[in-house]
Amino acid sequence: MRPRILIIYTGGTIGMMENPVTHTLQPFDFTHLMDNVPKVKMLDYDIDNIQFDPPIDSSNMNPSHWGDIARAIEENYDSFDGFVVLHGTDTMAYTASALSFMLENLHKPVIITGSQLPIGEVRTDGEENLITALQVAAATTTTGEAMVQEVAILFENYLWRGNRSTKMSADNFNAFKSNNYPPLANIGLGITFIEEALYRSPSKRPLKVRYNMDTSVMTIDLNPGMTEGVLRHLLVTPGIKGIVLRTYGAGNSPTDEWFVSLIRDAVERGIVILNVTQCVNGGVHSTLYDTGNCLTQAGVLSGHDITIEAALTKMMYLFGLGLNGETVKKYLNCALCGEVTI
Ligand code: ASP
């Protein structure tokens, strides 16, 4: 059986061309993209495609687009062995994280890729990324099941777990990294899967897509010199249900009385606050220092080693399920699909 792969082209640099008038890059259609990768035909796969109309720069992505990608996967789930999502790099880690929660009981590969240079350019990384993503989506184990059964990001030399990934570079071909989790595969002369790192959903139930993502969440980044007025203003943002508090180091914050009491007050008003470190590597150990312990005492939850992208989208997903604050907190403290080490 030839592998059946569905490409979902959403836009991003990979398919862009220069506008002759403004000289800026603009998304172009799928035919243009495929015309520039004749090698795809050398793969003995059955490939079909769906494209966003119009394709978009990923800075314009929002939860309704995540829903469009998820719907394309749901409607074609039984007809294809794997899915390759072509996506801009800017918000790719958010989309990968969101899809990992939205696609419950996923047992097929959803491989997201893009490129730093448009596919028509001589030195493009897009051609290689697209071909490798197709090969990863088609890969099987010795027993014939899909090798990858999760949402993953394929970029240059690595395959990363989607909900562990972050865009690390605006210039480098190795643009992504999962700072707290090993690669799922190393891409060199061959594709070497790290099988023990791959996620397997324990559920045998059919795919269930959760479309409702509640956007009543936000991030607050601490900075030295943040004033009481600024923090107070942010914490009374109308309608907000969840906050990802981006703290220093191992989850530390100022211990000033005004700071701690504003946070405690927000928690008492029912806002779920998750402590996520600003460091790219490592996690929150909130009882290590006084400066972290004060947040725990105020009712702030540890985000452990979760990424900001996964933290925000996990909150959107949990509130989208209609759960109350206490239940949201309970699930934030568990790994749902390999997004956090507890
Ligand atoms: N602005 C582009 C996007 O995210 C950048 C890229 O694709 O690399 O759509």
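See the structure above.
Residues numbered from 1 in each chain as written. Predicted model: local features only at pLDDT ≥ 70, side-chain atom pairs only at ≥ 80, totals over all residues. Heavy atoms only, no water.

Undergrad: Can you explain the layout of surface pockets? Please cite residues and give values.
TA: Of the volumes computed, that of the largest pocket is approximately 460 Å³. Around the largest pocket sit 23 residues that line it, and E104, N105, Y317, L336 and C337 are the ones nearest its centre. Those elements that provide at least two residues to the lining of the largest pocket are α3 (92–102), β6 (103–104) and α8 (308–320). Top contributing element to the lining of the largest pocket by residue count: α3, with 3 residues. The class makeup of the residues in the lining of the largest pocket is 13 nonpolar, 6 polar and 4 charged. (1 Å grid on protein atoms, 1.4 Å probe; cavity = no way out; pocket = protein on both sides within 12 Å on 5 of 7 lines; lining within 4 Å. Points joined across faces, edges and corners; volume = space filled by probe spheres on them. Helix = DSSP H or I, 4+ residues; strand = E, 2+ residues; numbered from the N terminus. Nonpolar A, V, L, I, M, F, W, Y, C, P; charged D, E, K, R; others polar.)

Undergrad: Could you give an account of the site of the ligand, with specific residues and numbers?
TA: Near the ligand, the surroundings consist of G12, T13, D57, S58, G88, T89, D90 and S115. A distance of 2.5 Å separates an oxygen atom of the ligand from a polar atom in the side chain of S58. The side chain of D90 places a nitrogen or oxygen atom 2.8 Å from a nitrogen atom of the ligand. About the coverage of the ligand: the protein hides 90% of its 270 Å² of free accessible area. When the residues that make up the shell around the ligand are grouped by side-chain class, the tally is no nonpolar, 6 polar and 2 charged. (Near = heavy atom within 4 Å. Polar contact = N/O pair within 3.5 Å; in protein donor to acceptor, adjacent residues only side chain to side chain. Areas by Shrake-Rupley, 256 points an atom, 1.4 Å probe, with all protein chains shown as cover.)

Undergrad: An account of the packing of aromatic side chains is requested, with residue identities and associated values reported.
TA: Summed over all chains, the structure comprises 7 aromatic pairs. Each ring, one from Y77 and one from F83, has its centre 6.3 Å from the other, and the planes form 5°; the classification is stacked. Comparing Y77 with F83, the two get one shared label, buried. Residues F80 and F83 carry aromatic rings whose centres are separated by 6.3 Å and whose planes lie at 55° to one another, so their mutual orientation is tilted. Of the two residues, F80 and F83, neither departs from the other in class, the shared state being buried. What links up through ring pairs into an aromatic cluster is the set Y77, F80 and F83. The side chain of K108 reaches across the aromatic face of Y77, ending 4.9 Å from its centre. (Phe/Tyr/Trp six-rings, centres within 6.5 Å; stacked < 30°, edge-to-face > 60°. Buried < 20%, exposed > 50% of the residue type's maximum accessible area, 1.4 Å probe, protein only. Lys NZ or Arg CZ within 6 Å of the ring centre and 35° of its normal.)

Undergrad: Residues and numbers for the packing of helix α5 (residues 228–235) against helix α6 (residues 257–268), please.
TA: The contact between α5 and α6 brings their axes to 10 Å, and the two run at 5°. With respect to each other, α5 and α6 are oriented roughly parallel. From α5, E228, L231, R232 and L235 reach across to α6, where they touch W258, F259, L262, I263 and A266. (Axes fitted to C-alpha atoms, helices over the stretch in contact; angles between N-to-C directions. Parallel < 35°, antiparallel > 145°, perpendicular 65-115°, else oblique. Contact = heavy atoms within 4.5 Å.)

Undergrad: Quick rundown of the sheet that holds strand β18 (residues 301–302)? Include the residues and the values.
TA: Taken together, 4 strands build an open sheet; the order of strands is β15-β16-β17-β18 and the sheet is parallel. Because the sheet does not close on itself, it has two edges, and the strands there are β15 (217–221) and β18. With 5 bridges connecting them, β15 and strand β16 (residues 242–247) associate as parallel partners. By the bridge assignment, T219 is partnered in β16 with V244. This element, helix α9 (residues 325–332), spans β17 (272–277) and β18 of the sheet and lies at about 25° to β17. (Pairing = 2+ DSSP bridges.)

Undergrad: Report on the packing of α8 against α9, specifying residues and quantitative values.
TA: At a closest axis distance of 10 Å, the pairing of α8 and α9 adopts a crossing angle of 140°. In terms of axis orientation, α8 runs oblique to α9. Crossing angle aside, the handedness with which α8 passes α9 is right-handed. Across from K314, M315, L318 and F319 in α8, the residues of α9 making contact are V328, Y331 and L332. The residue makeup of the contact of α8 with α9, split by class, is 6 nonpolar, no polar and 1 charged. (Left-handed = near helix turned anticlockwise from the far one by under 90°.)

Undergrad: Help me get a handle on the side chain of T13, residues and values and all.
TA: Take T13: it is sitting in the loop between β1 (4–11) and β2 (16–18). Apart from the residues lying within four places of it in its own chain, the contact partners of T13 are G88, S115, Q116, L117, P118 and I119.

Undergrad: Describe the pattern of salt bridges, and please don't skip the residues or the numbers.
TA: When the charged atoms of two side chains lie near each other, side chains of opposite charge can form a pair. For the structure on display, the rule yields 16 salt bridges. The residue K241 makes a salt bridge to D214 at a minimum N-O spacing of 2.5 Å. With K241 in the loop between α5 and β16 and D214 in the loop between β14 (208–209) and β15, this pair connects stretches of sequence that are 27 residues apart. Across the salt bridge formed by R232 and E228, the nearest N and O atoms sit 2.7 Å from each other. Placement of both R232 and E228 in helix α5 is noted, with a separation of 4 residues, approximately one turn of the helix. Its relative accessible area of 42% is what places R232 among the partly exposed residues. The exposure class assigned to E228 is partly exposed, which follows from its relative accessible area of 33%. Via salt bridges that share partners, R2, D44 and D46 belong to a single interconnected network. (Salt bridge = Lys/Arg side-chain N within 4 Å of Asp/Glu carboxyl O.)

Take it as geometry only, folks, not as evidence of what the structure does.
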